[in-house]
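Listed below, chain by chain, are the residues.
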Amino acid sequence: MTKLGKTLKVSIITVSDRASRGEYEDKGGPAIRELLGKVFASKWEADCVIVPDEVDVIKDALINASENLGSHLVVTTGGTGPARRDVTPEATSEVLEKTLPGFGELMRAVSLKIVPTAILSRQIAGIRGGSLIINLPGKPSAIEDCLLAVLPAVVDCLDLLDAPNVEITKGSVPTYRPHKKKQSN
Amino acid sequence: MTKLGKTLKVSIITVSDRASRGEYEDKGGPAIRELLGKVFASKWEADCVIVPDEVDVIKDALINASENLGSHLVVTTGGTGPARRDVTPEATSEVLEKTLPGFGELMRAVSLKIVPTAILSRQIAGIRGGSLIINLPGKPSAIEDCLLAVLPAVVDCLDLLDAPNVEITKGSVPTYRPHKKKQSN
Amino acid sequence: MTKLGKTLKVSIITVSDRASRGEYEDKGGPAIRELLGKVFASKWEADCVIVPDEVDVIKDALINASENLGSHLVVTTGGTGPARRDVTPEATSEVLEKTLPGFGELMRAVSLKIVPTAILSRQIAGIRGGSLIINLPGKPSAIEDCLLAVLPAVVDCLDLLDAPNVEITKGSVPTYRPHKKKQSN
């Protein structure tokens, strides 16, 4: 039985100087939370933080999410553009043990169908310990496009990482789960 | 008003052993210059150099373009294949502060529709200081395919980097400019 | 004449803990061998080994294939997923002198048309000395999809690397060979 009944832990890290100072309402974090709520049919809980665009602070938040909170899925929003203060991919790169280049490739390809500037997105993803870490864009509409595109792979990856079993709301995203553990009941 | 009236500076760096020794006419540099002339409707000026396929010489040319010349856009042509002397991406990688993986991905995807060998192109792009640096292929026809594909993102990135305002010739390339500064007149 | 009459050397490295202990039949290696046999019409020979999912052992096998065996084409199968023991891309990355990001991009794009989890594949490719090194997936069906997609570029790259001349079975894969040496007869 092992994983059954356990709760999937998700960390949502909003990266934004202005949101971290309270000058700007965080829209990315709530957008991710709402979307995951529609897709995950099984139990899950989210820890949400807002941090400024500082490499060391972002790294600390990612490591805390993975190691102290034991989050199986860690997503960031914001700080992936080409502007001087955008450093989320650099911070993420430094904490990853394995990189998953296909996530960034797919997110950019999907966004490119909507805006010709999507190649400016520098999102990366990968594994640290038992956590899948994914950079998402900052804008809620782009978050939805990107997150929905990668979710089928996220679910399979969580199965591979031996995370608590995830059930998916019928019709929300396509699934392909060769590594899903059998239910014991 | 700030940037208005200022001139966009472009550096075009041809990387080729033979062209640098005068044994071969540089076709890549002029092809880039001609194409940008069709797309940019506002003032711009180009500094053009030809360097051999040597990592240190290419790095010096890139750093000079970014730091001494203050070029907002720096493009290279040549040296991005898999042959032993092709080292432009390695040299570029060493001077970038931020990488923009989407540029190489899109250029290869576009070229792949034309030749099945396009995946041998190792072009990268990214940011150093206030400069957007992009590797382009060596062949004029491939330059046109690749440069036209990335130009909409180039223009938005120049806006983000606070480069002088760029006006685009109507009908030349699609534009999407959420970060364009308002004209003061 | 130089390369004519010489034999193309291929190394096929199966990366699998279980196959290396004999607990599991290697299916990836034979699948690659069979596919290359259908595509290559000229003389070629393959050296096949099975190694466990250990970075140092994989690195040794890659270096041996490139430097001691003088293999022009080195392909691995297995160990490219996100699981803890999957380290083939990390080992490969450490021995490459030049990376060819387009190979992984194309293989993931091709596989993504078949399974939505293809972005979990972390395959890379590149050059070491006179060898083209490519990570392939572990599953025979995925090997076929990925290898067929990249073979036209493989053949052009072997021409560029000055490998023995390769003749391609008519109708097997499309070819585009601007760097093919002229036959002397």
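Keep in mind the model is a prediction, meaning the values are calculated, not measured.

Draft legend 1. Representation of the packing of helix 5 (residues 101-112) of chain A against helix 6 (residues 140-160) of chain A. Residues and elements named next belong to chain A. One can describe the packing of helix 5 onto helix 6 by two numbers: an axis separation of 9 Å at closest approach and a directional angle of 130°. On the basis of the axis angle, helix 5 is oblique to helix 6. Viewed along their axes, helix 5 and helix 6 form a crossing whose handedness is right-handed. Residue-level contacts link Phe 103, Leu 106, Met 107, Val 110 and Ser 111 of helix 5 to Ala 142, Asp 145, Cys 146, Ala 149 and Val 150 of helix 6. Counted by class, the contact of helix 5 with helix 6 contains 8 nonpolar, 1 polar and 1 charged residues.

Draft legend 2. Representation of the relation of the copies chain C and chain B. After a rotation of 120° and a shift along the axis of 0.0 Å, chain C superposes on chain B with an RMSD of 0.0 Å. The transformation relating the two chain copies, once decomposed into turn and shift, fits a three-fold axis. Identified as the residue of chain C closest to the rotation axis by C-alpha distance is Glu 105 of chain C, at 4.3 Å. Taken as a fraction of all interface residues of chain C, those also at the interface in chain B reach only 6%, which identifies the copy contact as different-surface.

Draft legend 3. How the structure looks around the sheet that holds strand 1 (residues 8-15) of chain B. Residue and element names in this part refer to chain B. Here we have 6 strands laid out as an open sheet, ordered 2-1-3-6-5-4, and mixed in their pairing. Single-partner strands in this sheet number two, and they are strand 2 (44-51) and strand 4 (98-99). Sitting on the sheet, helix 2 (residues 28-39) touches strand 1, strand 2, strand 3 (73-77) and strand 6 (131-136), and the angle it makes with strand 1 is about 155°.

Draft legend 4. Examining unusual backbone geometry more closely. Residue and element names in this part refer to chain B. Look at Asp 162: it is not a glycine, yet its phi comes out positive at around 65°. Residue placement: Asp 162 occurs in the segment after helix 6 (140-160). A tally of 15 C-beta atoms within 10 Å means that Asp 162 is categorised as partly exposed.

Draft legend 5. Structural context of the environment of Arg 21 of chain A. Within the secondary structure layout, Arg 21 of chain A lies in the loop between helix 1 (17-20) and helix 2 (28-39). For the pair Arg 21 of chain A and Pro 52 of chain A, spaced 31 residues apart in sequence, the C-alpha to C-alpha distance is 8.0 Å.

Reading the values: the criteria
Residues numbered from 1 in each chain as written. Chains lettered and ligands numbered in written order. Predicted model: local features only at pLDDT ≥ 70, side-chain atom pairs only at ≥ 80, totals over all residues. Axes fitted to C-alpha atoms, helices over the stretch in contact; angles between N-to-C directions. Helix = DSSP H or I, 4+ residues; strand = E, 2+ residues; numbered from the N terminus. Parallel < 35°, antiparallel > 145°, perpendicular 65-115°, else oblique. Left-handed = near helix turned anticlockwise from the far one by under 90°. Contact = placed C-beta atoms within 7 Å. Nonpolar A, V, L, I, M, F, W, Y, C, P; charged D, E, K, R; others polar. Least-squares fit on C-alpha atoms with pLDDT ≥ 70 in both. Pairing = 2+ DSSP bridges. Buried ≥ 20, exposed ≤ 12 C-beta atoms within 10 Å, placed from the backbone.

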